[in-house]
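Secondary and tertiary structure notes
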Amino acid sequence: MLRTDYVATYRKSLQDLIRRHGEARAMDLIVGGEFETIGIIEGSVLKTLGLDPSHSVVDVGCGSGRLAARLAPWLRGPYQGCDILPELADHAARICRRPDWSFASSDGITIPAADGSADFVCFFSVFTHLEHDDIFRYLAEAGRVAKPGGRIVFSYLDFTVPSHWTVFETTLANRDPGRVLNQFISKGAIETWCRHLGLEVERLYDGPEKWIRMDEKITYADGRIAEGMADFGQSIGVVRRRP
């Protein structure tokens, strides 16, 4: 099982947000805000990497459904979303209105999906909040769930990316022992983990790198516009299960 402090801090954050903003707004804020905007860019990431409407997707840490809601009108293939908070997975199921799709809670040891069932296994803003050993466990599970040749896509924070350093400074300034963990990963760690797991590193995209073909123009809350080719902000790792 994932360390209980992940669940406890995540649930505390959700409860605090519900108390201050109400449930509807809290479901947006618990995944970082800008629900629709981030959903568009996450969907564009997967499509840029080759996601087809017939493909199968396993979305680990699906949260309240921002990626699922974006894919729901487009993806014909199966989708399975899971999150450590069942109330978030339940919310995602309600807003997607796809009775053929599966949403479930996860204890963190296993991904609730069959061996070799997914063309894409994705972790958006998941590894950014886990200890290294739990990231490794999740990568091992993703390798089990991915089809031969299937892609595993994850966002991460990297000390060598200057724009990520401000996250570290913010973390240093927050001495609350109950805060949500912000985790950094090196490229070398990713390469080593994948070598031990028999996974192949396809590409590691730095956060500011403009490589994502956007589905549509988006405007962030701070006024920034992304259209054409865009960056993700967090770095993106793309690894594959060997055929």
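For the structure itself, consult the block above.
The following refers to the structure shown. Sequence positions are assigned chain by chain, starting from 1 and proceeding in written order. Two thresholds apply to this predicted model, a pLDDT of at least 70 for residue-level local features and 80 or more for giving and counting side-chain atom pairs, whereas whole-chain, interface and lining totals are computed over all residues. Only heavy atoms go into the side-chain values, all of them from the structure, while hydrogens and water stay out.

So, on to the sheet that holds strand β6 (residues 199-205). Within a sheet, adjacent strands bond to each other through the backbone by hydrogen bonds, running parallel or antiparallel. Strands pair, by our definition, only if DSSP identifies at least two bridges between them. Working definition: helices are DSSP H or I runs of at least four residues, strands are E runs of at least two. Numbering for both runs from the N terminus. Read across the sheet, seven strands follow the order β3-β2-β1-β4-β5-β11-β6 without closing on themselves; strand pairing throughout is mixed. Strands at the two margins of the open sheet, each flanked by one partner only, are β3 (102-105) and β6. Each neighbouring strand pair of the sheet contributes to a mean axis angle of 15 degrees, computed without reference to strand direction. The pairing of strand β4 (residues 118-123) with strand β5 (residues 146-156) spans five bridges and is parallel. Axis geometry follows a simple rule: fit a line to the C-alpha atoms, using only the stretch in contact for helices, then measure angles between N-to-C directions, giving values from 0 to 180 degrees.

Side-chain rings of Phe, Tyr and Trp (the six-membered ring for Trp) are treated as a pair once their centres are within 6.5 Å; stacked means planes under 30 degrees apart, edge-to-face means over 60, and tilted covers the remaining angles. Evaluation of the coordinates by the stated rule reveals 13 aromatic pairs. A centroid spacing of 5.9 Å and a plane angle of 50 degrees characterise the contact between F154 and Y156, whose relative ring orientation is tilted. Here F154 matches Y156 in class, with each residue buried. The interplanar angle of 10 degrees and the centroid separation of 4.3 Å between the aromatic rings of F159 and F184 together place this pair among those described as stacked. Residue F159 is found in the loop between β5 and α7 (162-173), and its partner F184 is found in the loop between α7 and α8 (187-197); the two are separated by 25 residues along the sequence. Aromatic rings pair up to connect F123, F127, Y138, F154 and Y156 into one cluster. The ring of Y220 is capped by R224, whose NZ or CZ atom sits 4.1 Å from the centre of that ring. Relative accessibility under 20% of the residue-type maximum defines a buried residue, over 50% an exposed one, and the middle range a partly exposed one, all with a 1.4 Å probe and only protein chains included. Whether a charge lies above a ring is judged from NZ of Lys or CZ of Arg, which has to be within 6 Å of the ring centre and within 35 degrees of the ring normal.

Let us now look at the side chain of T37. Counting through the fold element by element, T37 comes out in helix α3 (residues 35-48). We call two residues in contact whenever any of their non-hydrogen atoms come within 4.5 Å of each other. In contact with T37, other than residues within four places in its own chain, are I218, T219 and Y220.

Here we come to the packing of helix α6 (residues 132-145) against α8. Across the interface, α6 lies against α8 with an axial gap of 10 Å and an inter-helix angle of 45 degrees. Classified by the interaxial angle, the pair formed by α6 and α8 is oblique. When the axes of α6 and α8 are compared, the crossing they make is right-handed. Mapping the contact onto sequence places H132, I135, F136, L139 and A140 in α6 and W193, H196 and L197 in α8. Here is the rule for angles: anything less than 35 degrees is roughly parallel, anything more than 145 is roughly antiparallel, 65 through 115 is roughly perpendicular, and the remaining ranges are oblique. Here a crossing is taken to be left-handed if its near helix is turned anticlockwise relative to the far helix by less than a right angle, and right-handed if that turn runs clockwise.

This part takes up the nonpolar core. Only buried Ala, Val, Leu, Ile, Met, Phe, Trp, Tyr and Cys residues count toward a nonpolar core, and they belong to the same one when joined by side-chain atoms within 4.5 Å. Ranked by internal contacts, the top residues of the largest apolar core, which has 40 residues, are I111, V121, F123, F127, I152 and F154. At the level of secondary structure, the elements contributing two or more residues to this core comprise α1 (4-21), α2 (23-29), β1 (57-60), β4, α6, β5, α8 and β6. When residues in this core are grouped by element, the largest group, five residues, is from α6. Aside from chain neighbours lying at most four places away, what touches F123 is V60, I111, Y138, A142, I152, V153, F154 and S155. Judged by nonpolar contacts, the second largest core, of 35 residues, contains I40, V45, A89 and A230.

Here the focus is the pattern of salt bridges. The term salt bridge refers to a pairing of a side-chain nitrogen on Lys or Arg with a carboxyl oxygen on Asp or Glu at a separation within 4 Å. Using the criterion set out here, one finds 21 salt bridges in the structure. R11 is the partner of E87 in a salt bridge, and the nearest nitrogen-oxygen pair spans 3.2 Å. Note that E87 is positioned in helix α5 (residues 86-96) and R11 in helix α1, a separation of 76 residues in sequence. Residue class for E87 comes out partly exposed when judged on its relative accessible area of 28%. Across the pair K147 and D119 runs a salt bridge whose closest N-O atoms are separated by 3.3 Å. Of this pair, K147 sits in strand β5 while D119 sits in strand β4; the two residues are 28 residues apart in sequence, bridging distant segments of the chain. Salt bridges sharing common partners tie together K47, R70, D215 and E216.

Without other data, these values stay purely geometric and don't point to any function.
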